[in-house]
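# Coordinate inspection notes
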Amino acid sequence: MKPRIADKLEHLSQRLADLDAALADPDVTRDIDRYRALSREQAELSPVIELYRMWCKARDDGEAARGLLADADMKELAQQEIEQAGADMARLELDLQRALLPRDPDDGRNVFLEIRAGTGGDESALFAADLFRMYARHAERCRWKVEVVSASESDLGGYREIIARISGEGVYSRLKFESGGHRVQRVPVTETQGRIHTSACTVAVMAEVDEVAEVDINPADLRIDTFRASGAGGQHINKTDSAVRITHVPTGIVVECQDDRSQHRNKAQAMAVLAARIRDAQVRARDSQIASTRKSLVGSGDRSERIRTYNFPQGRVTDHRINLTLYKIDSIMDGELAELLDGLANEHQAELLAQLAEEGA
């Protein structure tokens, strides 16, 4: 084990001992907020330190076995124990490295999913609808809840833009690498001569903020307009200025929401999306600074980056970041994304492990 990693584990062992002592203190138990914070930290550290103790035991067992090599009667057994200890140490060290990887604080958050049609006109809008259905079907499989916040439909039934809130266990941790450019190659329904066209959509996955106040938004920087909603909705649509458009002047970010009949609820939804967009921009700016010193394979979230191609004539989906091609486009478009999402998560973890190894060198 690298010395810096061993030093870090020794420090964490001492921290866990301090936490155990603090949580046994009656004064701490009377302060419920502090007690919860310390209990949470203890719960996070305990499995890491348990792995470290197992690694130390395997190391000690190996050392004890080496002391028996000089005994002719025990030499064979000692050699077996040394080999077993070495294998256990290697396995536990890898488990420890994974346990020490920095956690994304947003992984447990819900998300706002935005899909926008790009190049390709009506075909791009139809593909945006296909992508939304793909993510919605995947959400069903994961028992997540999907709520459409805003949608702008095209003439042929696609979406020029659609924004949805997806809530559930670990949503952001699974979908965070989906941001970027998605390209489709197929024969559009509007094509009369059977020619294959290439169209594109952009996808943005943004962590929902717990409270709008979590993001510093100056009310003086907002321009809020109300107008009559367009599209389906019956007589109410033509009678009430229920739709809301919020413009954040410093960044130029514009959010519209008109899917609810209540202007108040539309405004609240629009503010939630605005806060998520502003925070997302801040996170991407931070990540781009990190990426300038270290190449990030799957974490950039650059909207202009082409991350995936869906080729219908060949029945394949290719994720260009990890060079993964799957020949099962129908099941993927029906929401079976686990293989793609697992591949991206594993690549990201491998990159973090490489970084940890460099820091521990």
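In case you missed it, the structure is sitting above this.
These lines cover the structure that appears in this document, whether it is placed above or below. Remember, it's a predicted structure, so these values are computed and weren't measured experimentally.

### Looking at helix 1 (residues 3-23)
Helix length check: helix 1, at 21 residues, gives a terminal C-alpha distance of 30 Å against a target of 30 Å (1.5 Å per residue), a fit within 8%. All of the buried residues in helix 1 are Ile5, Ala6, Leu9, Leu12, Ser13, Leu16, Leu19, Ala22 and Leu23.

### Considerations on the packing of aromatic side chains
The tally for this structure, following the rule as stated, stands at three aromatic pairs. Relative to Trp55, the ring of Tyr52 has its centre 6.3 Å away and its plane inclined at 10 degrees; by these criteria the two rings are stacked. Separated by three residues within a single helix, Tyr52 and Trp55 lie in helix 3 (residues 32-66), roughly one turn from each other. Judged by its relative accessible area of 7%, Trp55 falls in the buried class. Their ring planes at 65 degrees and their centres at 5.4 Å tell us that Phe127 and Tyr310 sit as a pair that is edge-to-face. Within this pair, whereas Phe127 is found in helix 5 (residues 121-141), its partner Tyr310 is found in strand 9 (residues 306-311), the two being separated by 183 residues in sequence. By relative accessible area, Tyr310 is classed as buried at 0%. Against the face of Phe227 rests Arg245, its NZ or CZ located 4.5 Å from the ring centre.

### Here we look at the sheet that holds strand 3 (residues 159-167)
Spatially, the eight strands line up as an open sheet ordered 2-3-1-5-4-9-10-11, and their pairing is mixed. For this open sheet the edge positions go to strand 2 (145-153) and strand 11 (324-326), each flanked by a neighbour on one side alone. Looking at each pair of strands side by side, their axes are set apart by 15 degrees on average, direction ignored. Bridge count between strand 9 and strand 10 (residues 316-319): four bridges; the pairing is antiparallel. Bridging across to strand 10, Thr309 finds its partner in Thr318. Of the strands in this sheet, strand 1 (111-117), strand 2, strand 3, strand 4 (180-186), strand 5 (197-207) and strand 9 touch helix 5, which is tilted by about 110 degrees from strand 4.

### Here's the deal with the pairing of strand 2
Bridging between strand 2 and strand 3 involves eight bridges; their strand directions are antiparallel. Counterpart to Val148 in the pairing with strand 3 is Ala164. Count of turn residues in the strand 2/strand 3 antiparallel hairpin: five residues, of which Gly157 carries a positive phi of about 95 degrees.

### Here we look at empty space enclosed by the protein
Taken as a whole, this structure holds one cavity of 30 Å³ or more when the rule is applied. Of the volumes computed, that of the largest cavity is approximately 40 Å³. Asp106, Tyr172, Met206, Ala207, Arg279, Asp280 and Val283 together form the lining of the largest cavity. Where the lining of the largest cavity is concerned, the elements lending two or more residues are strand 5 and helix 8 (263-293). It is helix 8 that provides the largest number of residues to the lining of the largest cavity, a total of three residues. Of the residues belonging to the lining of the largest cavity, the class tally is four nonpolar, no polar and three charged.

Cut-offs used in this document
Residues numbered from 1 in each chain as written. Predicted model: local features only at pLDDT ≥ 70, side-chain atom pairs only at ≥ 80, totals over all residues. Heavy atoms only, no water. Helix = DSSP H or I, 4+ residues; strand = E, 2+ residues; numbered from the N terminus. Expected span 1.5 Å × (residues − 1). Buried < 20%, exposed > 50% of the residue type's maximum accessible area, 1.4 Å probe, protein only. Phe/Tyr/Trp six-rings, centres within 6.5 Å; stacked < 30°, edge-to-face > 60°. Lys NZ or Arg CZ within 6 Å of the ring centre and 35° of its normal. Pairing = 2+ DSSP bridges. Axes fitted to C-alpha atoms, helices over the stretch in contact; angles between N-to-C directions. Contact = heavy atoms within 4.5 Å. 1 Å grid on protein atoms, 1.4 Å probe; cavity = no way out; pocket = protein on both sides within 12 Å on 5 of 7 lines; lining within 4 Å. Points joined across faces, edges and corners; volume = space filled by probe spheres on them. Nonpolar A, V, L, I, M, F, W, Y, C, P; charged D, E, K, R; others polar.

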